[in-house]
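So the chains spell out like this:
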Amino acid sequence: MEALLFYIFAAMTLSGALLTVTRRNPVHCALALIFSLLGVAGLFLTAAAEFLFAVQILLYVGGVMVLFLFVIFLIHLEEAAKQRQYSRQWPVALAVLAVVAAETLVLLKTGLGSLPPKPLPRLNAQGNTERIGDVLFYQFALPFEAASVLLLVAIVGAVWMTKKREAAE
Amino acid sequence: MTPITTSHYLFVSLALLLIGTAGVLMRRNVIVILMSIELILNAVNINLIAFSKHWGQVIGQVFAIFVITVAVAEAAVGLGVLIALYRNRGTTQADEIRLLKW
């Protein structure tokens, strides 16, 4: 059952990702990306990361993708959808991808052998969310604050950049 | 069916990373490039979660939360840049934006 769920979610993730990269209409790309991100959320669930499962759906599917769709509606993309979709450098890109794939596969092949078998105590001994909260607020309090500053900068930057300005004389 | 091990997650993550990289390198539409970056960051998250499960430690999941934070900030700023770009240049095709190219 667990294996079946894993394969279903993995297929969702990869097929959605492929559609995202290949579709012509950006709205279709966004919908395929939502499908793919839901698959990733399912993978989190099969890996016993329940809190991240909820965060993934709330933040990505509920927040980021709505943002993407709003921007797609703000920008006229009809003529862009009729044009060529892939840039001229695509053979170079494919060559680079092949190199990266070969390298990573070799690394995985050599690395997985030396990966120790799992110790596997139960991950959710006292609840996944409680443990994440403990680690986040005790051990990683400073990075947590830095992340909040990063989000503030991103909000201010996004508002400033999208603001309409009078042409500077 | 064979039981799911950590390497299964790693291979899914690798495939997702390669698909996302292909999107970044090959597509012309800037919106789709931003979506492909989200795919890459999700591949990283799958890796972190897989090793968090493997070692039975929760720190990997905390790191994934930070990755998600950075991804959200990146999407917000990237889309802001995109709107400013469309307003000033009237295009969203990555290879038509070459102000700095001589």
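Q: For this particular structure, what's the right way to read the overall build of chain A?
A: Scanning chain A from N- to C-terminus turns up 7 helices and 0 strands. The order of helices and strands in chain A, counted from the N terminus, is α-α-α-α-α-α-α. The C-alpha radius of gyration computed for chain A amounts to 21 Å, which surpasses the reference 15 Å derived for 169 residues by more than 25%, pointing to a less compact arrangement than a globule. In terms of its C-alpha atoms, chain A occupies a principal-axis envelope of roughly 65 × 40 × 30 Å. Looking at the 169 residues of chain A, the share that counts as buried comes to 22%. The long-range fraction of contacts in chain A, counting pairs at least 24 apart against all pairs at least 6 apart in sequence, stands at 57%.

Q: It is not clear to me how the overall build of chain B should be interpreted in this structure. Could you clarify?
A: In terms of regular secondary structure, chain B is built from 3 helices and 0 strands. Going residue by residue from the N terminus, the α and β elements of chain B occur as α-α-α. Against the compact-globule benchmark of 13 Å for 102 residues, chain B has a radius of gyration of 17 Å, which places it well outside the compact range. A principal-axis box enclosing the C-alpha atoms of chain B has dimensions of 50 × 25 × 25 Å.

Q: So what exactly am I meant to see when it comes to the nonpolar core here?
A: Soluble globular proteins tend to bury their nonpolar side chains together. Within the largest apolar cluster, 59 residues are counted, with the highest numbers of intra-cluster contacts made by Leu43(A), Phe44(A), Leu16(B), Ile31(B), Met35(B), Ile46(B) and Ile49(B). Looking at this core, the elements with two or more residues in it are helix H1 (2–22), helix H2 (26–46), helix H3 (50–74) and helix H7 (141–162) of chain A together with helix H1 (6–26), helix H2 (30–55) and helix H3 (59–89) of chain B. Counting residues per element, this core draws most heavily on H2(B), at 13 residues. Those residues in contact with Phe44(A) that sit more than four places away from it in its chain are Ala49(A), Leu52(A), Phe53(A), Gln56(A) and Ile49(B).

Q: Is there a simple way to think about the environment of Val92(A) in this case?
A: Along the polypeptide, Val92(A) turns up in helix H5 (residues 90–114). Linking Val92(A) and Gln139(A), residues 47 residues apart in sequence, is a C-alpha distance of 44 Å.

Q: What is the right way to look at the confidence of the model for chain B in this model?
A: Residue-level pLDDT values for chain B average 89, and 98% of them are 70 or greater. The ipTM value of the predicted complex is 0.90, and its pTM value is 0.89.

Q: Even after reading the chapter, I still don't get the interface of chain B and chain A, so can you show me in this structure?
A: For an interface, size is often stated in terms of accessible area lost upon the parts coming together. Contacts between chain B and chain A engage 64 residues on the former and 72 residues on the latter. Counting residues per element, the ones that place at least two in the side of chain B that touches chain A are H1, H2 and H3 of chain B. Residue contributions to the side of chain B that touches chain A peak at 20 residues, all from H3(B). Its residues assigned to classes, the side of chain B that touches chain A comprises 41 nonpolar, 18 polar and 5 charged.

Q: Please explain the confidence of the model for chain A as it appears in this structure.
A: When pLDDT is low, close inspection of the predicted coordinates is not appropriate. For chain A, mean pLDDT is 86; residues scoring 70 or higher make up 93% of the total. The least confident element of chain A is helix H4 (residues 78–82) of chain A, whose mean pLDDT is 74; the most confident is H2(A), at 93.

Q: When you look at the environment of Leu38(A) in this model, what are you seeing that I'm missing?
A: Residue and element names in this part refer to chain A. Mapped onto the fold, Leu38 is located in helix H2. Looking at Leu38, the number of C-beta atoms within 10 Å reads 18, which means it is partly exposed. Sequence-wise, Leu38 and Leu59 are 21 residues apart; in three dimensions their C-alpha atoms are separated by 11 Å. Setting aside residues up to four positions removed in sequence, Leu38 forms contacts with Met12 and Val61.

Q: Sorry, what's going on with unusual backbone geometry here?
A: The bulk of non-glycine residues show a negative phi, and the bulk of peptide bonds are trans. Residue Ala48(A) is not a glycine yet carries a positive backbone phi of 65 degrees. Inspection of the secondary structure assignment puts Ala48(A) in the loop between H2 and H3.

Q: Teacher, can you tell me more about the packing of H3(A) against H3(B) here?
A: Helix packing geometry: the angle between the two helix axes and the distance between the axes. Across the interface, H3(A) lies against H3(B) with an axial gap of 11 Å and an inter-helix angle of 5 degrees. Taken together, the axes of H3(A) and H3(B) lie roughly parallel to each other. Between H3(A), through Phe51(A), Leu52(A), Val55(A), Leu59(A), Gly63(A), Val64(A), Leu67(A), Val71(A) and Leu74(A), and H3(B), the contact on the second element is made entirely by Gln61(B), Ala64(B), Ile65(B), Ile68(B), Val72(B), Ala75(B), Ala76(B), Leu79(B), Leu82(B) and Ile83(B).

Rules of the game
Residues numbered from 1 in each chain as written. Chains lettered and ligands numbered in written order. Predicted model: local features only at pLDDT ≥ 70, side-chain atom pairs only at ≥ 80, totals over all residues. Helix = DSSP H or I, 4+ residues; strand = E, 2+ residues; numbered from the N terminus. Rg over C-alpha atoms; globule rule 2.2 N^0.38 Å. Buried ≥ 20, exposed ≤ 12 C-beta atoms within 10 Å, placed from the backbone. Contact = placed C-beta atoms within 7 Å. Core = buried A, V, L, I, M, F, W, Y, C linked by C-beta atoms within 7 Å. pLDDT = per-residue confidence, 0-100. Nonpolar A, V, L, I, M, F, W, Y, C, P; charged D, E, K, R; others polar. Axes fitted to C-alpha atoms, helices over the stretch in contact; angles between N-to-C directions. Parallel < 35°, antiparallel > 145°, perpendicular 65-115°, else oblique.

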